[in-house]
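So you can see what is in the structure, the chains are spelled out below.
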Amino acid sequence: MKLIIDKPAERQELFLADRHKYIAFGGARGGGKSWAVRVKALLMCLRYPGIKIMIVRKTYNELESNHIKPLREMTEHIAKYTETKKQLTFCNGSQISFRACKNDSELDKFQGTEFDVLFLDEATQFSEETWNRLRACVRGVNNFPKRVYITCNPGGIGHMWVKRLFVDRVYSSMEDPNDYSFIKSRVFDNKALLAADPEYVKQLEALPPKLKKAWLDGDWDIFEGQFFDDFVIGDERAQRERRWTHVIDPFEVPRDYVIYRSFDFGYSKPFDCSWWAVDYDGRAYLILQLYGCTGNPNEGVKWSPDRIFEEIHNIETSHKWLKNKRIIGVADPSIWDASRGEAIIDSADRNFVHFDRGDNSRIAGWMQCHRRLAFDSEGRPGVQFFNTCRHAIRTLPLLQFSSVRVEDLDTTGEDHFADSFRYFCMAKPIRAIRREENELF
Ligand SMILES: Nc1ncnc2c1ncn2[C@@H]1O[C@H](COP(=O)(O)OP(=O)(O)OP(=O)(O)O)[C@@H](O)[C@H]1O
Ligand SMILES: [Mg+2]
């Protein structure tokens with residue numbers, strides 16, 4: 001009987017031949033990592049009769065499409081799959097078990113489990129705790145190799161531990177550097193994918209700059225530094241050359257532009273109330289902003305909720321751009337929380353300021369902000385700020401990436417306007433400028 005396996009690409013060959021204890025195959029999306037996982041698992045089952053292998057991903061759906069289905073097809077005549085046990089048993093006694101681990105709370109089910117080889121596919125989706133607990137399952141008194149293979153893309157909750165161990169190679173006294181090996185995956189190596197789906201690379205090229213660097217180039221350093229490095233304030237030269245930037249002189253807002261109001265409340269910090277006008281093409285303008293406290297926000301003088309909403313109502317009933325207009329309000333959903341006494345929303349209602357609950361999906365929300373900031377083929381962005389909205393312009397460039405949730409921003413920064421911007425963007429979501437991007441988000 002013949003088992004036909006496609007030829008590995010150069011990097012996949014390195015992965016298949018690697019003999020370290022911990023082997024990471026990581027970087028670009030689509031580099032053929034999951035393929036390498038299933039082929040290596042299969043080859044080990046054939047080479048070591050009786051070996052026990054475990055392949056872990058976050059969900060069974062992902063296991064099914066990436067591993068179970070293709071492996072069952074490849075091993076139709078040499079292995080039997082038992083659905084109840086999620087286990088593929090080869091005629092030589094080798095076994096591959098497929099296990100899902102959604103989060104740390106599911107780790108107990110791995111207690112006492114023993115395997116010779118573990119494959120953790122998409123390891124950056126797992127916490128360091130998961131990594132430590134799962135690799136402890138790799139043990140046993142036999143002569144089979146004991147190894148852990150991981151695949152990974154930059155980003156996700158596991159970004160930091162993967163980067164430390166495999167990319168930066170910074171070790172504690174308990175860790176032996178000689179145990180770790182890293183093979184960088186590149187999408188351009190995956191000739192099979194490039195031939196079958198030539199559009200795939202274009203989709204990666206259309207991503208916002210940071211994600212493009214992460215997923216096309218496999219760059220692990222991008223989630224560091226300035227969060228909104230795509231925000232262009234502009235300078236005199238940009239103005240002279242009439243290049244589009246995100247900050248502009250105010251203009252007279254036409255009456256039929258649609259007006260939104262976004263609001264972020266700070267319990268112990270400043271608040272932000274931003275008014276946005278959306279033109280006929282769907283472009284947005286930040287036209288007015290009420291921010292923080294009376295006077296200097298650094299003084300920490302705070303307004304009571306009633307004082308804030310009274311002022312918002314005053315502005316909306318007197319300002320020429322807002323007076324007698326229907327205004328669509330979206331706010332931080334925490335203002336509906338009544339667990340600390342009266343909910344903030346009650347104060348808003350009392351002062352005739354009405355809101356819908358903002359969508360608080362943070363990562364999707366930041367993606368929308370970046371899409372808004374992106375420039376189209378004519379060089380025009382999807383959002384511009386009037387230069388009178390100084391707290392927006394001051395705080396956005398200061399925000400940094402979080403070191404805990406790497407695609408998120410560091411919430412210890414002054415992020416009230418950014419949150420408010422995010423609620424607005426989620427209330428009026430837009431598609432990516434390049435159509436191909438849509439499938440990825
Ligand atoms: N050596 C190969 N021969 C034939 N097809 C391959 C080979 N390597 C990968 N492929 C195919 O290329 C496609 C992408 O590969 P794969 O899913 O392994 O990439 P990945 O790096 O895991 O991607 P992602 O980052 O999205 O998880 C799949 O359809 C896979 O079957
Ligand atoms: Mg994969």
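Given the structure is predicted, the values throughout are model-derived calculations rather than measurements. (Residues numbered from 1 in each chain as written. Chains lettered and ligands numbered in written order. Predicted model: local features only at pLDDT ≥ 70, side-chain atom pairs only at ≥ 80, totals over all residues. Heavy atoms only, no water.)

A. Quick look at the site of ligand 1. Close to ligand 1 lie 18 residues; Lys 7, Gln 12, Lys 33, Ser 34 and Trp 35 are nearest. A distance of 3.2 Å separates an oxygen atom of ligand 1 from a polar side-chain atom of Arg 38. Notes on ligand 1: free accessible area 630 Å², of which the protein chains cover 77%. Contributions of two or more residues to the shell around ligand 1 are made by helix H2 (33–47) and helix H6 (191–196). For the shell around ligand 1, the element with the most residues is H2, which contributes 4 residues. Tallied by class, residues from the shell around ligand 1 come to 5 nonpolar, 7 polar and 6 charged. (Near = heavy atom within 4 Å. Polar contact = N/O pair within 3.5 Å; in protein donor to acceptor, adjacent residues only side chain to side chain. Areas by Shrake-Rupley, 256 points an atom, 1.4 Å probe, with all protein chains shown as cover. Helix = DSSP H or I, 4+ residues; strand = E, 2+ residues; numbered from the N terminus. Nonpolar A, V, L, I, M, F, W, Y, C, P; charged D, E, K, R; others polar.)

B. The arrangement of the sheet that holds strand E11 (residues 272–278) in detail. Sheet architecture is open: 7 strands sit in the order E9-E15-E12-E11-E10-E13-E14, paired in mixed fashion. Both edges of this open sheet fall to strand E9 (247–248) and strand E14 (356–357), since each of them pairs with a single strand only. Where E9 meets strand E15 (residues 383–386), 2 bridges bridge the pair, whose relative direction is parallel. Each residue of the ladder has a partner; that of Val 247, found in E15, is Phe 385. Along the sheet, helix H14 (residues 416–427) contacts strand E10 (258–264), E11, strand E12 (284–291), strand E13 (327–331) and E15; its crossing angle with E10, the most-contacted strand, is approximately 135°. (Pairing = 2+ DSSP bridges. Contact = heavy atoms within 4.5 Å. Axes fitted to C-alpha atoms, helices over the stretch in contact; angles between N-to-C directions.)

C. Fine view of the environment of Ser 262. Relative to the helices and strands, Ser 262 is located in strand E10. Given a relative accessible area of 0%, Ser 262 falls into the buried group. In the structure, Ser 262 is positioned 111 residues away from Leu 373 in sequence and 17 Å away in space, judged by C-alpha atoms. Polar contacts involving the side chain of Ser 262 include one to the side chain of Ser 420, which spans 2.7 Å. (Buried < 20%, exposed > 50% of the residue type's maximum accessible area, 1.4 Å probe, protein only.)

D. Inspection of the sheet that holds strand E3 (residues 79–82) at higher detail. With mixed pairing, 8 strands are arranged side by side in an open sheet as E3-E4-E5-E2-E6-E7-E1-E8. Both outer strands of the open sheet, E3 and strand E8 (180–185), are each paired with one neighbouring strand and no more. Taken over all neighbouring pairs, the strand axes of this sheet differ in orientation by 15° on average, direction set aside. Sheet topology note: the strand E2 (residues 52–57)/strand E5 (residues 95–100) ladder contains 6 bridges and is parallel. Bridge pairing links Val 56 to Arg 99 in E5. Helix H4 (residues 128–135) contacts strand E1 (22–27), E2, strand E6 (117–120) and strand E7 (147–152) of the sheet and is inclined by roughly 160° relative to E6.

E. Inspection of the domain arrangement of the protein at higher detail. Once the domains are mapped, the protein shows domain 1 (10–215) and domain 2 (236–440). Put simply, the middle of domain 1 and the middle of domain 2, counted by C-alpha atoms, are 41 Å apart. (Domains from an automatic or database assignment.)

F. Structural view of the environment of Trp 161. Summarising the element assignment, Trp 161 is placed in helix H5 (residues 159–168). For the pair Trp 161 and Glu 128, spaced 33 residues apart in sequence, the C-alpha to C-alpha distance is 6.2 Å. In this view, Trp 161 contacts Ala 123, Phe 126, Ser 127, Glu 128, Trp 131 and Ile 150; residues no more than four positions away in its chain are not counted.

G. The nonpolar core, seen in detail. In terms of nonpolar packing, the biggest core is built from 73 residues, with Phe 228, Phe 263, Trp 275, Ile 287, Phe 385 and Phe 421 touching the most fellow members. In contact with Phe 228, not counting residues within four places along its chain, are Trp 366, Cys 369, His 370, Leu 373, Leu 396, Leu 399, Leu 409, Ala 418 and Phe 421. By size, the runner-up hydrophobic cluster in this structure holds 31 residues, among which are Phe 15, Val 39, Tyr 48 and Ile 96. (Core = buried A, V, L, I, M, F, W, Y, C linked by side-chain atoms within 4.5 Å.)

H. Fine view of the pattern of salt bridges. On inspection of all chains with the given rule, the structure shows 26 salt bridges. Between Arg 57 and Glu 62 there is a salt bridge whose closest N-O contact spans 3.7 Å. Judged by its relative accessible area of 6%, Arg 57 falls in the buried class. In this structure, Arg 422 and Asp 419 form a salt bridge, with 2.9 Å as the shortest nitrogen-oxygen distance. Highlighted residues: Arg 422 and Asp 419, both in helix H14, separated by 3 residues, approximately one helical turn. You'll find Arg 422 and Asp 419 in the same group, each marked buried. Linked by salt bridges that have partners in common, Arg 11, Arg 186 and Asp 189 make up one network. (Salt bridge = Lys/Arg side-chain N within 4 Å of Asp/Glu carboxyl O.)

I. Region of interest: the packing of aromatic side chains. Counting across every chain of the model gives 38 aromatic pairs. The interplanar angle of 20° and the centroid separation of 6.4 Å between the aromatic rings of Tyr 257 and Tyr 285 together place this pair among those described as stacked. A residue pair is termed long-range when its members are at least 10 positions apart, and Tyr 257 in the loop between E9 and E10 and Tyr 285 in strand E12 qualify at 28 residues. For Tyr 257, a relative accessible area of 10% gives the class buried. Among the aromatic residues, ring-to-ring pairing joins Phe 223, Phe 227, Phe 228, Phe 231, Tyr 260, Trp 276, Trp 366, Phe 385, Phe 401, Phe 417, Phe 421 and Phe 424 into one connected group. Seen from the ring of Tyr 423, Arg 422 lies directly overhead, with NZ or CZ sitting 5.1 Å from the centre. (Phe/Tyr/Trp six-rings, centres within 6.5 Å; stacked < 30°, edge-to-face > 60°. Lys NZ or Arg CZ within 6 Å of the ring centre and 35° of its normal.)

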